[in-house]
Amino acid sequence: MEAMAVERETGFWTVTTVLRLYEMPFLDLVHRAQEVHRAHHSPNEVQLSTLMSIKTGACTEDCAYCPQSKHHDTQLADDQRLAKLQEVVEEARAARDQGAQRFCMGAAWRSPTERQLDDVIEMVRAVKALGMETCVTLGMLKDGQAERLKEAGLDYYNHNLDTSPEFYGNIITTRTYQDRLDTLDAVRDAGIKVCCGGIVGLGESRRERAGLLVQLANLKPYPESVPINNLVRVEGTPLADVPAVDEFEFVRTIAVARIIMPAAVLRLSAGRTEMSDSMQALCFMAGANSIFYGDELLTTANPQQAKDKHLLERLGMRPAVLS
Ligand code: SAM
Ligand code: DTB
Ligand code: SF4
């Protein structure tokens with residue numbers, strides 16, 4: 001049997017095969033990704049998630065891309081408190097009224113304490129009560145914490161692998177790749193859906209991009225939700241001047257992710273303010289079917305909501321129906 005067919009059947013992907021996908025002629029690759037997409041998803045639907053930073057900045061981790069790390073000099077406002085429940089409910093309600101289906105709350109923590117988790121759990125319950133799907137991203141989880149979140153009704157936990165194991169040490173030194181895999185296992189074991197992806201444009205090679213996708217696709221099972229971020233180059237971070245990745249290379253990354261994780265919901269995540277409408281349309285063509293929806297990501301800008309509504313309208317795309 002052809003190597004690629006074996007990988008599809010066994011669900012075990014290698015960097016060599018994934019590189020072969022990357023090397024296909026662009027139109028063949030996007031066409032194949034669109035075929036896979038149509039076999040698994042409603043082709044004109046897009047999932048909408050709104051992000052809120054519930055605790056911003058002063059993070060002890062040294063992730064080289066991140067404006068919230070205290071290791072970098074990025075001029076974030078000096079407000080490190082956890083958001084109040086009422087503020088969260090107001091933002092979630094506004095997001096819901098604008099058409100968001102999921103509300104994702106992010107905290108710049110290495111790992112939450114039990115007390116911090118108590119507060120987040122209240123937020124999860126309150127957002128769920130609004131009839132929205134919930135997602136949180138709080139860093140690494142310790143024993144029992146994923147179970148507590150599950151009990152509160154959390155739908156998704158976001159924790160990214162960010163890049164390939166080989167390139168990882170260039171980007172983060174304060175937690176290991178294995179730490180991330182352990183948190184993902186804890187989330188999976190607790191019965192919470194996994195949201196896990198990475199970043200393109202950290203200065204990695206194509207082989208390393210393939211390495212990230214292989215790691216994601218070989219998780220058993222692969223994540224339900226896969227955010228692909230294009231690096232937002234923030235002044236003061238060590239990656240502020242890294243050259244942008246070629247647009248077609250980014251689209252190829254989406255297409256390959258779609259082919260090797262056919263049922264995942266693939267989010268065209270950070271970095272959309274730098275993308276033209278036509279590039280975003282190419283990403284949808286290549287199998288992206290989710291976006292962050294709202295004027296801000298965590299600390300950086302996202303396209304204005306009205307602009308996104310207009311883009312989706314022009315493309316004849318509509319919000320996905322919650323299952
Ligand atoms: N502190 C938690 C953690 O790292 O798990 C949660 C929040 S953290 C900001 C979530 C993810 O946002 C990171 O894993 C990374 O993939 C993404 N991210 C952060 N800064 C970014 C940037 N400048 N450009 C693109 N993606 C970024
Ligand atoms: C993800 O993969 N991307 C989001 C979310 N998960 C938490 C965060 C993007 C952050 C971009 C930089 C910022 O706004 O601080
Ligand atoms: Fe902290 Fe998360 Fe940013 Fe890393 S990505 S510095 S852990 S907020």
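Small disclaimer: the values here were computed from a predicted structure and weren't measured. (Residues numbered from 1 in each chain as written. Chains lettered and ligands numbered in written order. Predicted model: local features only at pLDDT ≥ 70, side-chain atom pairs only at ≥ 80, totals over all residues. Heavy atoms only, no water.)

**As for the site of ligand 3**
Near ligand 3 the following residues occur: Cys-59, Glu-61, Cys-63, Tyr-65, Cys-66, Ser-69, Ala-108 and Arg-175. Residues belonging to the shell around ligand 3 are distributed by class as follows: 5 nonpolar, 1 polar and 2 charged. (Near = heavy atom within 4 Å. Nonpolar A, V, L, I, M, F, W, Y, C, P; charged D, E, K, R; others polar.)

**A short note on the pairing of strand β2 (residues 102-107)**
One face of the sheet, then the other: side chains in a regular strand alternate in exactly this way. The element β2 is largely enclosed, with a buried count of 6 among its 6 residues. Judged by which residues are buried, β2 turns out to be covered on both faces: Arg-102, Cys-104 and Gly-106 on one side and Phe-103, Met-105 and Ala-107 on the other are all buried. Pairing of strand β1 (residues 45-55) with β2 involves 6 bridges; the strand directions are parallel. Counterpart to Lys-55 in the pairing with β2 is Ala-107. With 5 bridges joining them, β2 and strand β3 (residues 133-137) adopt parallel strand pairing. Note on β3: the bridge partner recorded for Met-105 is Val-136. As a crossover connection, the stretch from β2 through helix α5 (residues 114-129) into β3 is right-handed. (Buried < 20%, exposed > 50% of the residue type's maximum accessible area, 1.4 Å probe, protein only. Helix = DSSP H or I, 4+ residues; strand = E, 2+ residues; numbered from the N terminus. Pairing = 2+ DSSP bridges. Right-handed = clockwise from strand over helix to strand, strands pointing away.)

**Topic: the side chain of Gln-68**
Within the secondary structure layout, Gln-68 lies in the loop between β1 and α4 (85-97). Gln-68 sits in the buried class, given a relative accessible area of 7%. Engagement of the side chain of Gln-68 in a polar contact is seen with the backbone nitrogen of Gly-57, the distance being 2.7 Å. Apart from the residues lying within four places of it in its own chain, the contact partners of Gln-68 are Ser-53, Lys-55, Thr-56, Gly-57, Ala-58, Cys-59, Leu-76, Ala-108, Leu-298 and Thr-299. (Polar contact = N/O pair within 3.5 Å; in protein donor to acceptor, adjacent residues only side chain to side chain. Contact = heavy atoms within 4.5 Å.)

**Describing the site of ligand 2**
In the vicinity of ligand 2, the residues found are Leu-51, Pro-67, Thr-137, Asn-158, Asn-160, Pro-227, Asn-229, Phe-292, Leu-297, Leu-298, Thr-299 and Thr-300. Within the side chain of Asn-158, one N or O atom sits 3.3 Å away from a nitrogen atom of ligand 2. Between Leu-298 and ligand 2, the recorded distance is 3.0 Å, taken from a backbone N or O atom to an oxygen atom. Here ligand 2, which alone exposes 400 Å², has 87% of that area covered by the protein. (Areas by Shrake-Rupley, 256 points an atom, 1.4 Å probe, with all protein chains shown as cover.)

**With respect to the pattern of salt bridges**
For the structure on display, the rule yields 17 salt bridges. Between Arg-148 and Asp-118 there is a salt bridge; the shortest N-O distance is 2.5 Å. With Arg-148 in helix α6 (residues 145-151) and Asp-118 in helix α5, this residue pair connects regions lying 30 residues apart in the sequence. Judged by its relative accessible area of 28%, Arg-148 falls in the partly exposed class. By relative accessible area, which is 33% here, Asp-118 ends up partly exposed. (Salt bridge = Lys/Arg side-chain N within 4 Å of Asp/Glu carboxyl O.)

**Regarding the nonpolar core**
Membership of the largest hydrophobic core comes to 96 residues, with the highest contact counts inside it found for Ile-54, Tyr-65, Leu-138, Leu-149 and Ile-260. Here this core takes 8 residues from helix α10 (residues 247-260), the largest share from any one element. Counting 7 residues, the second-largest nonpolar core is a separate cluster that includes Leu-51, Cys-135, Ala-270 and Leu-297. (Core = buried A, V, L, I, M, F, W, Y, C linked by side-chain atoms within 4.5 Å.)

**Description of the environment of Asp-143**
Positionally, Asp-143 belongs in the loop between β3 and α6. For the pair Asp-143 and Phe-248, spaced 105 residues apart in sequence, the C-alpha separation works out to 42 Å.

**A look at the packing of aromatic side chains**
Counting across every chain of the model gives 2 aromatic pairs. Both rings, one in Tyr-168 and one in Tyr-177, keep their centres 5.2 Å apart while their planes meet at 85°; by these two values the pair is edge-to-face. On the accessibility criterion, Tyr-168 (4% relative accessible area) is buried. In this structure, Arg-267 packs its charged tip against the face of Phe-292, placed 4.7 Å from the ring centre. (Phe/Tyr/Trp six-rings, centres within 6.5 Å; stacked < 30°, edge-to-face > 60°. Lys NZ or Arg CZ within 6 Å of the ring centre and 35° of its normal.)

**Digging into the environment of Ala-39**
One can find Ala-39 in helix α3 (residues 26-40). Using a relative accessible area of 61% as the deciding quantity, one classes Ala-39 as exposed. C-alpha of Ala-39 to C-alpha of Ala-210: the two residues are 171 residues apart in sequence and 23 Å apart in space.

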